[in-house]
Amino acid sequence: MPPKPSNTRLKSARLAAGYHSQQALADALNVGVRQVRRWESEAPPWPHPELQQALIRVLGQDLEALGFVQHASCPDPVRRGLLGATVAAVGLAAVPSQTAAAMQPASVAADFEAVTRSHRRLYWSVAPATLHPAAVAHATLGCALLQETAGRTRQSVATALAETWLLAGRIEFFDLQEAEQASTTWLRALQAAGEADDSLLGAAILAHTAFIPAWAGRRDDAVERMVAARTYARRGRASPLLLAWLDAVEAECETRSGNTTTALHLLGHSEDILTAGGEHESPAWLDWFSPVRLAAFKGNTQLKAGHLPQARVTLRGVLEQLPVVEDKQRSVILGDLAAVEATAGNPEAACGYAREALDQLEATWYAMGMDRVREVRRQLAPHQNQQYVRDLDERLYGWSTTVSALAR
């Protein structure tokens, strides 16, 4: 028996938007599945006025493109102008009116997400100057796909886009040291997270933006952004790891402002959160934090607080436990250990750790690691005529290190 004629335009738009069953679309619109069956029939009835806008919003196309035909007895339909106005009100920008041919299949979300995941993993080994253009180009693609997707598919693309902009901003701030550009990029990430209605990603992005004023000595601005980040975290099902990271970020901001007592209290609270655990799992994108990374935060704060024996023990423990894939962070830990020894009056030991950091930086460049080494070298100025300091200078200003610093 041949299949019954149906409204194939609506069915195609439903599948492209990620609603793989009539029941799923019915749930999204808060209607009965019988209503969706009628819309997908050969002669679909014109939707009631209160459902017209919902269909346009969820499926991303106007009613005519969805296979509905206005009859003389029907009231005036919601036209293309309303589509633009509706999307402009809820999204990053007005999405152009679409036709069924312009819509991407639902599979585009998984394909776009796969590249986002690959970039996330590549961050730990690929040179930032190489990865950054690829991440930005991927984000440009994501922005285009938002105009050609709807419903769940659009939400998935927006989530991956927010993560991509977050990664691009991390490269700009931590690796390329372009704080102003990172600020703009993270704003785009926040807009995309809003399009996806992903409050946990929003919390992560807002916490990253707190680094910018903290590095510039504007503590109050940093704290305000952390309040916003915590507010977003409460809206979602935040994992203990994410909550602990928020404490660690705020501790870093306080340390930068010289409030090491407050910072150590926050880090203690972060440790308590991880010890207590919780029912919610961490999102896959939270790959920049772990209990070992928390100890690294703590060791740096202990150093800045003048608790040198504690800092030495903490940082040595981090160095032993740090996974091989986190080589970029290794140069930072070695730099902090060098600073511990320089502050403790052991300049030769400080130079030893600094040279190890430079060895790591030759293999995996990280601007934050080089900053640590340069800070230690400034501490060693009273000993600059000693041979071990001169040996450090030979490494610090060697051809490969100097070129890496200027090129990346």
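Residues numbered from 1 in each chain as written. Predicted model: local features only at pLDDT ≥ 70, side-chain atom pairs only at ≥ 80, totals over all residues. Heavy atoms only, no water.

**Description of the overall build of the chain**
Counted only if it meets this: Think of it this way: any DSSP run of H or I at least four residues long counts as a helix, any run of E at least two long counts as a strand, and we number them from the N terminus. Throughout this description, buried means an accessible area under 20% of the type-specific maximum (1.4 Å probe, protein chains only), exposed means over 50%, and partly exposed covers the range between. Note on contacts: a residue pair qualifies if any of its non-hydrogen atoms lie within 4.5 Å across the two residues.
The number of helices and strands found in the chain is 20 helices and zero strands. Here the chain, with 408 residues, has 50% of them falling under the buried criterion. Pairs at least 24 residues apart make up 65% of the contacts formed inside the chain by residues separated by at least 6 positions.

**Remarks on helix H19 (residues 387-396)**
Spelled out, the test is: Each C-beta atom gives one direction from the helix axis, and the arc is the one those directions make.
If you check which residues of H19 are buried, you get Tyr-388, Val-389, Leu-392, Asp-393 and Leu-396. Angular distribution of buried residues about the axis of H19 spans 145 degrees; they occupy a single face of the element.

**So, the packing of aromatic side chains**
We count it as follows: Each pair of aromatic rings taken from Phe, Tyr and Trp, with Trp reduced to its six-membered ring, is defined by centres within 6.5 Å and is described as stacked if the planes are under 30 degrees apart, edge-to-face if over 60, and tilted in the remaining cases. Here, over-ring charges are defined by two tests on the NZ atom of lysine or the CZ atom of arginine: distance to the ring centre within 6 Å, and angle to the ring normal within 35 degrees.
What the rule picks out here adds up to 12 aromatic pairs. Of note, Arg-256 hangs over the ring of Trp-215, and the distance from its end group to the ring centre comes to 3.8 Å. Sitting over the ring of Tyr-123, Lys-328 keeps its end group 3.6 Å from the ring centre.

**Quick look at the confidence of the model for the chain**
Caution applies to low-pLDDT parts of the model: their predicted coordinates are not meant to be read in detail. Worth spelling out the cut-off: Each residue carries a pLDDT score, the predictor's confidence in it, ranging from 0 to 100.
Predicted confidence across the chain gives a mean pLDDT of 88, with 88% of residues reaching 70 or more. Low pLDDT, under 50, characterises residues 72-101; the predicted model gives this stretch 51 contacts beyond four residues in sequence or across chains.

**Looking at the packing of helix H17 (residues 347-363) against helix H18 (residues 367-379)**
The test is simple: To define axes, lines are fitted to C-alpha atoms, for helices over the stretch in contact only, and angles between the resulting N-to-C directions are given on a 0 to 180 degree scale. Angles are sorted into four bins: roughly parallel if under 35 degrees, roughly antiparallel if over 145, roughly perpendicular if 65 to 115, and oblique for all others. Helix crossings get a hand from a simple test, with the near helix turned counterclockwise from the far one by less than a right angle marking a left-handed crossing and a clockwise turn marking a right-handed one. Ten residues, namely Ala, Val, Leu, Ile, Met, Phe, Trp, Tyr, Cys and Pro, are considered nonpolar, four, namely Asp, Glu, Lys and Arg, are considered charged, and the remaining ones, Gly among them, are considered polar.
Between H17 and H18, whose axes approach to 10 Å, the crossing angle comes to 155 degrees. Taken as axis vectors, H17 and H18 run roughly antiparallel relative to one another. You can see that H17 and H18 cross each other, and the crossing is left-handed. Contact with H17, carried on its side by Ala-350, Ala-354, Ala-357, Leu-358 and Leu-361, involves Gly-369, Met-370, Val-373 and Val-376 of H18 and no other residues of that element. Taken together, the residues of the contact of H17 with H18 sort by class into eight nonpolar, one polar and no charged.

**Here's the deal with the pattern of salt bridges**
The cut-off we apply is this: Salt bridge, as applied in this entry: a Lys or Arg side-chain nitrogen positioned within 4 Å of an Asp or Glu carboxyl oxygen.
For the structure shown, the criterion picks out 18 salt bridges. Note that Arg-219 is salt-bridged to Glu-254, the shortest N-O span being 2.9 Å. With Arg-219 in helix H11 (residues 219-235) and Glu-254 in helix H12 (residues 240-256), the pair connects residues that are 35 residues apart, well separated along the chain. With a relative accessible area of 33%, Arg-219 lands in the partly exposed category. Bridged by salt links that share partners, the residues Arg-219, Asp-220 and Glu-254 form one connected network.

**Considering unusual backbone geometry**
Backbone geometry places Asn-30, a non-glycine residue, at a positive phi of 60 degrees. In this fold, Asn-30 is placed in the loop between helix H2 (22-29) and helix H3 (33-39). Even without being glycine, Asp-197 reaches a positive phi, approximately 55 degrees. Mapping Asp-197 onto the fold places it in the loop between helix H9 (179-196) and helix H10 (199-215).

**Quick look at the environment of His-383**
Along the chain, His-383 falls in the loop between H18 and H19. For the pair formed by His-383 and Pro-347, sequence separation is 36 residues and the distance between their alpha carbons is 7.5 Å. Dropping the residues within four chain positions of it, His-383 is found in contact with Pro-347, Tyr-388 and Val-389.

**Points about the nonpolar core**
Convention followed: Take the buried Ala, Val, Leu, Ile, Met, Phe, Trp, Tyr and Cys residues and link them wherever side-chain atoms come within 4.5 Å; each set so joined is a nonpolar core.
Counting 98 residues, the largest nonpolar core has Tyr-123, Phe-173, Trp-245, Trp-288 and Phe-289 as its most contacted members. Among the elements that line this core, the one with the most residues is helix H8 (residues 151-175), at 12 residues. Leaving out residues up to four positions away in the same chain, Trp-288 has contacts with Trp-124, Leu-166, Arg-170, Ala-204, His-208, Trp-245 and Arg-293. Membership of the second largest hydrophobic core comes to 24 residues, among which are Leu-25, Leu-51, Ala-54 and Ile-56.

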